[in-house]
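Residue-level listing of the chains:
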Amino acid sequence: MNIVVCVKYVPDATADRHFEDDNTVDRVGVDGLLSELDEYAVEQALQVKEKFAEDSEVTVLTVGPEQASDAIRKGLQMGADKAVHVVDDAIAGSDAVATSLVLAEAIKKIPHDLVVCGMASTDGSMGVVPAMLAERLGVPAVTLGSKVDMSGDKLRIRRDGDTATEIIEGTLPLVMSVTDQSGEARYPSFKGIMAAKKKPVETWSLADLGVDAGQVGLSVAWSQVEDTTPRPPRTAGEIVTDEGGSGATALVEFLASKKFV
């Protein structure tokens, strides 16, 4: 079995993130990492290999700037066998529609029976790419799985909703997305970190995929950020001296002014 895991390089949530002049997220001038939600996708792909198909090959796929190699390196350290990095300046500013196009064309060049995605990215949080990928690839989609099981060419997930739990089954090939409840992602071992240095990583451009630059980028994006406002600097807090019950009154008045009560 051939498994492809789609992962994303995102700005570190603890870093000082900001937007470029064109209102796109700065992905070059800030520290980045593999999206945490995509770590669960890598983990489930590796578990499918270990539990159900030991002869499987797991390929990590990402689309992003040069720095996105950090995301695929993490996937290789966790245990993936090889990686593909699609990098092209024309991709900058692409929305989910264009991103799914690039991913789909890349996946078509990679032998695949199962495509695994996280439930969403930690920067955009849209969660629509897995369904878009399935449509572009012409295969079923089983999404938001919290538990994964397989039997032959049948893959089954459990989807936990607010009021009910569903069991959804599909026949390979298909696209699957998993949630952060699907199982804790493994931490790369020292052996895995060293082994990752020797694993093959291919770099492709839009030309390699046969994708026209006019189909991607900010100029053709269906969704764009029109304006941003920097977070105001933190101000000093107000200190209230409690003098026989006045503190409680001041606290209630503060909470009421902020509409917390």
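Parameters at a glance
Residues numbered from 1 in each chain as written. Predicted model: local features only at pLDDT ≥ 70, side-chain atom pairs only at ≥ 80, totals over all residues. Heavy atoms only, no water. Helix = DSSP H or I, 4+ residues; strand = E, 2+ residues; numbered from the N terminus. Buried < 20%, exposed > 50% of the residue type's maximum accessible area, 1.4 Å probe, protein only. Contact = heavy atoms within 4.5 Å. Areas by Shrake-Rupley, 256 points an atom, 1.4 Å probe, with all protein chains shown as cover. Lys, Arg positive; Asp, Glu negative; His and termini not counted. Charge placed at Lys NZ, Arg CZ, Asp CG, Glu CD. Expected span 1.5 Å × (residues − 1). Patch = residues over 30% accessible without salt bridge, like charges linked within 9 Å, V, L, I, M, F, W, Y side chains within 5 Å. Salt bridge = Lys/Arg side-chain N within 4 Å of Asp/Glu carboxyl O. Pairing = 2+ DSSP bridges. Axes fitted to C-alpha atoms, helices over the stretch in contact; angles between N-to-C directions.

Draft legend 1. Structural detail: the overall build of the chain. Across its full length, the chain carries seven helices and twelve strands. Each principal axis of the C-alpha atoms in the chain carries an extent, and together these give about 75 × 40 × 40 Å. Buried residues in the chain amount to 39% of all 261 residues. Long-range pairs, those at least 24 residues apart, make up 70% of the contacts in the chain between residues at least 6 apart in sequence. Looking at the chain as shown, the accessible area adds up to about 14,700 Å², and 50% of this sits on carbon and sulfur atoms. Looking at charge distribution, the chain has the averaged site of its 25 positive side-chain charges lying 6 Å from that of its 42 negative ones.

Draft legend 2. Highlighting helix α7 (residues 246-257). With twelve residues, α7 extends 16 Å between its outermost C-alpha atoms, agreeing within 8% with the 16 Å of an ideal straight helix rising 1.5 Å per residue. Of the residues one or two after α7, K259 is the one with positive phi, at around 65°.

Draft legend 3. Looking closely at a nonpolar patch on the surface. Taken together, the side chains of L251, F254, F260 and V261 present a nonpolar region at the surface, about 450 Å² in accessible area. Judged by relative accessible area, which is 59%, F260 ranks as exposed.

Draft legend 4. Region of the structure containing the sheet that holds strand β9 (residues 154-160). Taken in spatial order, the three strands make up an open sheet running β8-β9-β10, and their pairing is antiparallel. Sheet topology places β8 (147-151) and β10 (165-171) at the edges, where each strand pairs with a single neighbour. Within the sheet, the average angular offset between the axes of one strand and its neighbour, ignoring direction, is 20°. Relative to β9, β8 is paired through five bridges, and the arrangement is antiparallel. What sits directly across from M150, in β9, is L155.

Draft legend 5. Examining the sheet that holds strand β7 (residues 141-145) more closely. Across the sheet, seven strands lie side by side as β7-β11-β6-β1-β4-β5-β12; this open sheet has parallel pairing. With one partner strand each, in any of the chains shown, β7 and β12 (201-204) form the two edges of the open sheet. Between one strand and the next, the sheet's axes are offset by a mean angle of 20°, whatever the strand orientation. In terms of strand pairing, strand β5 (residues 82-86) meets β12 through four bridges, oriented parallel. Looking at β12, one finds that H85 is bridged to T203. Helix-sheet contacts for helix α3 (residues 96-108) involve β1 (2-7), β4 (57-63), β5, β6 (114-118) and β12, and the interaxial angle to β4 is about 150°.

Draft legend 6. Fine view of the pattern of salt bridges. On inspection of all chains with the given rule, the structure shows twelve salt bridges. Two residues, K74 and E39, come together in a salt bridge whose shortest N-O distance is 3.0 Å. One end of the pair, K74, is in helix α2 (residues 69-78); the other, E39, is in helix α1 (residues 36-52), with 35 residues separating them in the sequence. Under the relative-accessibility criterion, K74 is labelled partly exposed at 22%. Judged by its relative accessible area of 17%, E39 is buried. Among the charged side chains, a network of salt bridges with common partners joins E43, E50 and R186.

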